[in-house]
Structure formats: structure tokens, C-alpha cells
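Results of the structural survey
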Amino acid sequence: MLLGGALALGGTAVTHPGWLVLALGSLFVLTWRYTGWGVRALLIPFALWGAIQARHQVMEHQRAWNLARQWVRPGARCLGKGEVEASPVLRGDRLGVSARLQLECDGSRLPRPLLVRLYGGPSTLGRGDRIRVVSQLSPVQILRNLELPDPRPGAARSGISLSGSVLSLSVERTGSGVTHAIDRLRARARQRITETFDPLAAPMARALVLGENDLDAEDDSAFRKSGLSHLLAVSGTHLVFAVVSLITALQVLLTRLTFISSRYHVGRVAAWVGCPLALVYADYAGGSGSAWRAAFMLCAVFAARALGRRAGPARSLGWSLLAGALFDPLVCYDVSFLLSAAATVGLVCIGSPALAWAETWRITKRSKVVGYLTASILATVGSMLPCAPLLAVLSPDLTLAGVLANVVAAPLGEIIALPLCLAHILAAPIPILEQGMAKAAGGALLVVRQVAHWSAEARSMAFAVPPPTALHLWVLGSCGSGALLAAWRRRWRLTGLWLCLLVGGSIAAEVVARRRARSEGELRIAQLDVGQGDSALVDLPDGRLMLIDGGGSAQASSGFDPGRRVILPVLRARRVGRIDIVLITHPHPDHYGGLPSVFAETDIGEVWDSSFPGGTQYRRLLHRAQRVRHAEELCQSYPAGGHEAAGYALEVLGPCPGSPELGANDNSIVLRISAGGQRFLFTGDAEAAQEAQLLEQHAAHLQATWLKAGHHGSRTSSSTELLQAVRPQLVGISCGVRNGFGHPHQEALDRIRNSGAVAWRIDQSGSLQVDLIGGRLRYTGFAWGGRPEFLPPITAPPAKRLPRPKSSQAGFDGSSRAR
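Reference entry: report on the structure contained in this document. This one's a predicted model, so the numbers in the text were calculated from it and none came from an experiment.

As a further point, take the layout of surface pockets. Considering only enclosed or pocket space, the second largest pocket measures out at about 480 Å³ in volume. Around the second largest pocket, the lining is made up of 17 residues, and of these Leu-246, Tyr-281, Tyr-284, Leu-422 and Leu-426 lie nearest the centre. Ranked by residue count, the leading element in the lining of the second largest pocket is helix H16 (residues 401-426), at five residues. Residue composition of the lining of the second largest pocket, by class: 16 nonpolar, no polar and one charged.

Here it is, written out as C-alpha cells:
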């Protein structure tokens, strides 16, 4: 188990090398009494091997992604030939399939094949199929924000560099082999579930049988908040029911065949069949991390039985961790794998001893109902405790109602719905039986769904949990492991001591997290990576927090929600529940699209509006605000040249007055913040017309050290005259790799470079944070791994204003453009 854990831990070196060293040291100390020198000597080599493999996988994906960005413009029409590599999965009404294709896009042939995610195509596709496809592709969007977990390991696990819609697809050669046959069976099962189950229950049935997570947003949120997501995930329970049941039946059959049972040990023969059967079923069930972990653990049990040995739960879990890390060096970033492993550890080390204690006091023997409830609650609590830190990563709330929900819903999901869903697939030749099973299984799943919603809505039993930091995870991992080892040895006083250390360490880690989340200087600006949109968080010197725009997509119906994906997680990481000012520069979806989610879960002080009329969705958003201040009032309350109060000044430079004859872009709120002798200018999507107005009305009030480029770096913004008036040192350009407008345009980049400023492109380098500390600016970019740099004084020569770090690679100043 230790070697498997060390190999899996090695993958954390990609993002947290220092914490890996600390974790290995803790592992040495905790297990010193239980291991020999042979195991101790292998811990570090195993961790190093895991680290090397994980880093290689991440770097390979980074190279492929950079290649995709250089050669494929967003929305490019591409002709590709290649082979399907991953099992197709249904998302909504479209089939998603991953294929490695040699592409020719816009007349240019890419240097090497890339893994592409395609949406559309026939339902009969399977692994091994040789396809020819015409598709509309864009590089995948990887949102890289300093205050959030590094997304690159997750992107590397998928391996996808490009994604898009299928325009036409033909199969040149049908695949063969076991994996292709499994995909055909999956397609058949998917079709039967869709046709026979209730529409509300069908996505849950597909999750149970095929591992396809296709719940709508409301149901998905309810299952997460209630702690019932595990009922729809393929886990050990599924494999035990499906595989162990078949192996038991096979063993019974072999026992009755005397010419076999008289010569061979039927239990061992059945066990040899069970190992490949577990792997095949895990693949059929979607191949999620939890499915493979359970399959590997079951394989260890069957292999030990086939060899005439006994495999304990700890050793079997260790073999599953080892196998998982060997097949996937980045398995430590797979939340489903970690949840499955943590729940297993909890059942073995907490649930089993607690149940033994209950039996000692004869609690479970008072009545069948009391016994069942006691066993269910202890098993649920035992499995949920080690999972709590991981659940805190997935959801901002945990609920005590989840314990009761599991007691009610687990029998319905695991004892009724799961067997019926699996049997339903086999009952297809008998329509009446198939429909009856679909109704019974669907009814049970709908009850589970209702329980999930009731539990999620029990807000009185819910409590907010901040996302754990690396320090939290180290404390919880070290102290939790110590407590589990002590509980396993029935040393209850030592267990209590470890638990006290865990609580105290967690409190200390939270204090450290809250201190680090506060702004270190007088002012902090975080320009967030929200894709093709704008969003920035500003910590003002008086302690107030301002959000300037909420990101979004130019297509309001795209379904991308930067509020839920980026802004709310950043606020959670900062332990912040209130935004004092939300400034919406203008009513375009790529500037307010993420705000509905933020308004729903955050206390909002006031909203600043540009007064330009927006659409229905925008008007509904303003109606949700308690106080809205329009541009006319803002121009009077925060005039240009206003005096500083509380150590800083806010100056609203536009639209003062507004120009209804111009578009929304040229009626953007333009804000300048002055503090500590430095100035910062936000221009929204201001284009040539509004820039001309700014130069005419406020030429003396435009100078700023940092400038947010107007309109995502469009050629219609950032004019030479404006740049001469502003004289910025650093220009932040907020745009996404999937934008179809070609932002930032080369003309704007050339003007910025010729002005002596340096451009920070969020699409290439991730988010940017600017801190004002003692009158000096410190900038921290994602591309530099959080390493801070200080801007030189404003009087420095233009050519030496900002050093170019070697680690920023191509595109820091826009000099390396995509083809």
C-alpha cells in the first residue's frame, strides 16, 4: 500500500514539489514502525518515478496544445484522418468521441497528429474505427488562474488539444477487438435506456450503467450538495454486485460439473476468470477513475484467491493504488479515483471498527431496524469523513442531511436501481420484461433524485466549507493517516491524540490561508482568465472589494459560466462572501455573463451601470441588485481629477456624457484608480470613438502605469494617441484562445510594443496579478508559477521598463503569433 501511495503521490511534483517532499517525510515517520528497510528504500524511487512520468505527460500535452494554438485558428474548418481512441460518450443530444487525427486546417497540414474531441457523428462509432472527418475546430480552453488549482494536469489527463463540431464523418474501416465490441454493447445499452426509461431517470440510469455524467445542472448540483453523487458513480459496489455475482454463479455451476470439480479447485478457476472480467466491466462502465480503482482492487483479491492466498483490504487497496498510478501517472489529480480510495479507507479503518464497537455494546442486536440504521449510519460516516476534504473542493457546502439522505437513498440506489438497470440491459429480447424493469428502476432513481433535492434544500443543516489549501491537505493527510493507523490497531487514546492534532492543525492552516488571501499592499488587481471576456477583482486600500465585469461569452447561449467556473472559486479561495462594488462596463454578454451565478451566491453592495440599454437578461440582472448607480451619477460622484480619500481615488472618465448614437462598446465605463503615486486605467471595450472623447475631455487625467487594453486588443482600440497619453508600462489583454474574432489583432500589439509598454496576453500566459506595495508595483503571472517581479520606477527608459522572464516563453508580448 505504501509503495502504491508513493507512486501516486509522485504526480503532485508537477504542481507542488515542495509539498511532495514534506508528504514523503510524513509517510516515513508515520509508517516507520510498520515497515522494513526494503520498503523504506523503495519509497523515494517510486515517488521519483511517478514524478518523472507525470511531468513528462504534462509537458507532452503542453507541447501539443501549443502546436494546436499556433496552427489552428478558432473555428477553423479542418479535414482529418485518424482512429477513434476513446469510448464515445453521450453529452446532451450529441455524441462525444476522442480521435487522434492528422489534420489539415485552412490549407495547412499540421506537423503531427493530435488528439481531438469531436461532437457529433453516428452512434455506432467505437474504438479502433478509422475515420475521415470534416469538422470545425478550436484549441481547448484551459483557464489558468493564480488563485485556483493548476488546470494543466487535468488537461494532460484528457490529452485533448482541440475540440469542435463534426460537419461530416465517414468510417473508412471498422474497428475490431475487445474494446470495439465493448463500445458496440455500450451503444446498444445507451439506445435501450433512452427509449425505455423516463426522460428524468434516463441520465441517472446511464450514469449507473455506462458512467456517463449527463445530469442537468440542477440535478448535478443537488447530488453534489447532498453527498449522493457516489450512488451514480461506478464504484466498488457496482463491481461487487456485477462481477462477484457472476463469479459466484460460475463457481456454483462449476461445482455441479463433477468432471471439473473433481480435478480442479473451482474457487480458484472462477477467480482466474474474475480478474479479466472485472477489467472488462470497468471499461464497459465508462472507465472512470473510481471504476478502474475498484477493478484493480478486485483483481488483487481474485489473484490472491487464485494463488491460494488471502488478500487483506489494506494490501488490495495498495495494489489498486499501484496499478492506478502505473496506468495513469496523474491519477492523484483524478478526484473520482481519490474519492473511491478515500471511501474505501474510511470503511476499512473507521466503519469496520465502529461497527465492531456497536456489536460489542449489542446496539445492532436490539432490533433489525436499529441494527440496519446503526450499520448504515456508521458505514456512511466512516466513508464520508476521509472524503470531506475532497468534497470541499467540489462543492462550497457540506450538509449533515447527507448522512440521512444516504441511509434512505443508498438501499434504493444500490439494492434496487442498480440490479434492475443491469438486468434491464439483458432483458432487451423480452420487451414486456424490459419495460417493466425500466419502470421499476426508473421509479427508484426518481425517488433517489427527490431525496437528493430535499437534502440539498435543507439549508439549516448545511454549512459552508472553504476549499482546502496544500497545507490543509498535508495536515489532514498526515494526521488523518496517523489516526487511521491508530484506529486500525485499536489504540483509541492515540487515535484521539491524532484527531486533536488534526483539528488544531486544520484551524492553524485556515488562519494561514486567510492571512495569505488578504492583499499584502495598498492595492491589488487580479485580471482573471475567463476566456474571451473581461473580469478583474480589485482590492481597494480601504478594504472594499470591486469586481469589474463578470466575463462570459460573446454568444449568450454558449453555456459557459465564468462566474461558476472562475469568479466564485476565486472568492472561495480568498474566503470572501461579499463584493462591495460590481462595475459592469457595458451590457455585452462577455462582460456580464458570469454575474448571475455571482449574484446568486454572494452578497452584493452596489452595481455600477453604464446607462446604455441592454437586453432582457441584462435588465433582469440589474433588477436583482439592491442598489444600481448609473453613469450620470457616477460621473458626478467620482469626477476626473477628484481628490484622494482613504489613500486612493476613483475617477470615472466615461461615458461622461453618454453617446446613445454610438454602440455599447463606445459607452463603456472608463475608470482610473489612483493610489500610492500609481495609476491604473480600465477602459472596458472602448473603441476609437470613445478613445477620441477621452483624449478631448480628459487628456491630462489619462496617465497610468497599468492599462487594461480596450476591446480585448482589437485593432479598433488602443490607438497610438491614447497610448501616448496614458504612457503605460504594462498592458493587460483579456482574450481567450477560442475567440473567433482574432483578438488580439497584430496592429494593436504593434502599437503597444512601439509605445514602450509590454503586453500581457491572458490567452497565452494566464491570469495576472498586480500588487501595489510601498509605492512599487509587483506583478505575478501564472506563466511564471507565481514568482513575483517588481516594476522599475516610472522614469526608467522605455526599453528597460519591464524585464522579460525566460519562463514566459512565446507570446508574452505578442511577438509570437498564431498562424
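What follows concerns the sheet that holds strand S17 (residues 670-675). Sheet strands line up and pair through hydrogen bonds in the backbone, either parallel or antiparallel. Reading across from one edge, S16-S17-S18-S19-S20-S21 is the order of the six strands in this open sheet, with mixed pairing throughout. Pairing within the sheet leaves two strands with one partner each, and these edge strands are strand S16 (648-654) and strand S21 (758-761). Ignoring strand direction, the axes of neighbouring strands in this sheet form an average angle of 20 degrees. Those strands touched by helix H25 (residues 688-698) are S16 and S17, and its axis lies near 120 degrees from that of S16.

What follows deals with the packing of aromatic side chains. Summed over all chains, the structure comprises six aromatic pairs. Each ring, one from Tyr-281 and one from Tyr-284, has its centre 6.4 Å from the other, and the planes form 40 degrees; the classification is tilted. Residue Tyr-281 and its partner Tyr-284 are located together in helix H10 (residues 266-284), separated by three residues, close to a single helical turn. Classification of Tyr-281 by relative accessible area gives buried; the value is 10%. Here Tyr-284 falls in the buried class, since its relative accessible area comes to 14%. Where Trp-608 meets Tyr-638, the ring centres are 5.0 Å apart and the plane angle is 35 degrees; that geometry is what we call tilted. Of this pair, Trp-608 sits in strand S14 (residues 603-609) while Tyr-638 sits in the loop between helix H24 (631-637) and S16; the two residues are 30 residues apart in sequence, bridging distant segments of the chain.

With respect to the secondary-structure elements, Tyr-333 resides in the loop between helix H12 (313-327) and helix H13 (335-360). Taking relative accessible area as the criterion, Tyr-333 reaches 24% and is therefore assigned partly exposed. When the C-alpha atoms of Tyr-333 and Arg-157 are compared, they prove to be 8.5 Å apart, with 176 residues separating the residues in sequence. Discounting residues that sit within four places of it in the chain, Tyr-333 has contacts with Gly-11, Thr-12, Val-14, Thr-15, Pro-153 and Arg-157.

A separate point is the pairing of strand S11 (residues 535-539). Within S11, five of the five residues are buried, which leaves it mostly tucked inside the rest of the structure. Note that strand S10 (residues 523-527) and S11 share four bridges and pair antiparallel. Looking at S11, one finds that Gln-527 is bridged to Ala-536. The sheet contact formed by S11 and strand S12 (residues 545-550) spans five bridges and is antiparallel. Within the sheet, the bridge partner assigned to Val-538 lies in S12 and is Met-546. Connecting S11 to the next strand, S12, in antiparallel fashion are five residues, including Gly-543 with a positive phi near 95 degrees.

The subject of this paragraph is the state of the cysteines. Across all of its chains, the model carries two disulfides by this definition. The disulfide that involves Cys-78 links it to Cys-105, with 2.0 Å between the sulfurs. Sign of the S-S torsion, about 115 degrees for the bond between Cys-78 and Cys-105, identifies this disulfide as right-handed. Remark: Cys-105 occurs in strand S3 (residues 94-105) and Cys-78 occurs in strand S1 (residues 76-84); sequence separation between them is 27 residues. Taking the relative accessible area as the measure of exposure, Cys-78 reaches 1% and is therefore buried. Here Cys-635 connects covalently by a disulfide to Cys-656, the sulfurs 1.8 Å from one another. Of note, the bridge from Cys-635 to Cys-656 carries an S-S torsion of about -80 degrees and is left-handed in sense.

The next thing to look at is the pairing of S10. Counting buried residues in S10 gives five out of five residues, a clear majority hidden from the surface. By the alternation rule, side chains of S10 split into Leu-523, Ile-525 and Gln-527 and Arg-524 and Ala-526, which are all buried. Relative to strand S22 (residues 768-773), S10 is paired through five bridges, and the arrangement is antiparallel. Across the sheet, Leu-523 pairs through a bridge with Leu-772, a residue of S22.

Glancing now at the packing of helix H1 (residues 2-9) against helix H3 (residues 37-71). It is the contact of H1 with H3, at a shortest axis distance of 7 Å, that shows an interaxial angle of 30 degrees. By the angle class used here, H1 and H3 are roughly parallel. In this structure, H1 crosses over H3, and the sense of that crossing is right-handed. Listed contacts from H3 to Leu-2, Leu-3, Ala-6 and Leu-7 of H1 are Val-39, Leu-42, Leu-43, Phe-46, Ala-47, Trp-49 and Gly-50. Partitioned by chemical class, the residues of the contact of H1 with H3 number 10 nonpolar, one polar and no charged.

Within this structure, the stated rule accounts for three cavities of 30 Å³ or more. The space that makes up the largest cavity amounts to roughly 80 Å³. What lines the largest cavity is simply Gln-527, Asp-534, Ser-535, Ala-536, Ile-548, Asp-549, Thr-585, Phe-682, Gly-684, Trp-706, Lys-708 and Ser-734. Only S11, S12 and strand S19 (706-708) provide two or more residues apiece to the lining of the largest cavity.

Right, let's talk about the nonpolar core for a bit. In terms of nonpolar packing, the biggest core is built from 52 residues, with Phe-197, Leu-239 and Leu-445 touching the most fellow members. Secondary-structure elements contributing two or more residues to this core are helix H5 (178-196), helix H6 (202-210), helix H7 (217-226), helix H8 (236-256), H10, helix H11 (289-306), H16 and helix H17 (431-457). Ranked by the residues each element gives to this core, the list is headed by H17, at eight residues. When sequence neighbours within four positions are dropped, the list of residues in contact with Leu-239 reads Val-234, Val-244, Ala-278, Tyr-281, Ala-291, Ala-294, Ala-295 and Leu-298. If you look at the next biggest cluster of nonpolar residues, it comprises 33 residues, including Ile-525, Trp-706, Leu-768 and Leu-772.

What follows deals with H6. The element H6 is extensively covered by neighbouring structure, given that nine of its nine residues are classed as buried. Among the residues making up H6, those that are buried are Ala-202, Pro-203, Met-204, Ala-205, Arg-206, Ala-207, Leu-208, Val-209 and Leu-210. The positive-phi residue at the C-terminal boundary of H6 is Gly-211, with phi of around 70 degrees.

The subject of this paragraph is helix H23 (residues 616-623). Within H23 the residues assigned to the buried category are Tyr-618, Leu-621 and Leu-622. Here the buried residues of H23 occupy an arc of 95 degrees about the axis, which is enough to place them on one side. In H23, the exposed positions that point more than 90 degrees away from the buried face belong to Arg-620 and His-623. Its buried side turned inward, H23 meets strand S13 (578-584), helix H21 (589-592), helix H22 (595-601), S14 and strand S15 (628-630).

On the surface, a cluster of nonpolar side chains totalling about 370 Å² of accessible area is made up of Leu-400, Leu-404, Met-461 and Phe-463. In this fold, Met-461 is placed in the loop between H17 and strand S9 (462-464).

Quick notes on the rules
- Residues numbered from 1 in each chain as written.
- Predicted model: local features only at pLDDT ≥ 70, side-chain atom pairs only at ≥ 80, totals over all residues.
- Heavy atoms only, no water.
- 1 Å grid on protein atoms, 1.4 Å probe; cavity = no way out; pocket = protein on both sides within 12 Å on 5 of 7 lines; lining within 4 Å.
- Points joined across faces, edges and corners; volume = space filled by probe spheres on them.
- Helix = DSSP H or I, 4+ residues; strand = E, 2+ residues; numbered from the N terminus.
- Nonpolar A, V, L, I, M, F, W, Y, C, P; charged D, E, K, R; others polar.
- Pairing = 2+ DSSP bridges.
- Axes fitted to C-alpha atoms, helices over the stretch in contact; angles between N-to-C directions.
- Contact = heavy atoms within 4.5 Å.
- Phe/Tyr/Trp six-rings, centres within 6.5 Å; stacked < 30°, edge-to-face > 60°.
- Buried < 20%, exposed > 50% of the residue type's maximum accessible area, 1.4 Å probe, protein only.
- Disulfide = S-S within 2.5 Å.
- Parallel < 35°, antiparallel > 145°, perpendicular 65-115°, else oblique.
- Left-handed = near helix turned anticlockwise from the far one by under 90°.
- Core = buried A, V, L, I, M, F, W, Y, C linked by side-chain atoms within 4.5 Å.
- Arc of directions from axis to C-beta.
- Patch = residues over 30% accessible without salt bridge, like charges linked within 9 Å, V, L, I, M, F, W, Y side chains within 5 Å.
- Areas by Shrake-Rupley, 256 points an atom, 1.4 Å probe, with all protein chains shown as cover.
- Salt bridge = Lys/Arg side-chain N within 4 Å of Asp/Glu carboxyl O.

It is worth stressing that arrangement in space is one thing and function is another; only the former is reported here.
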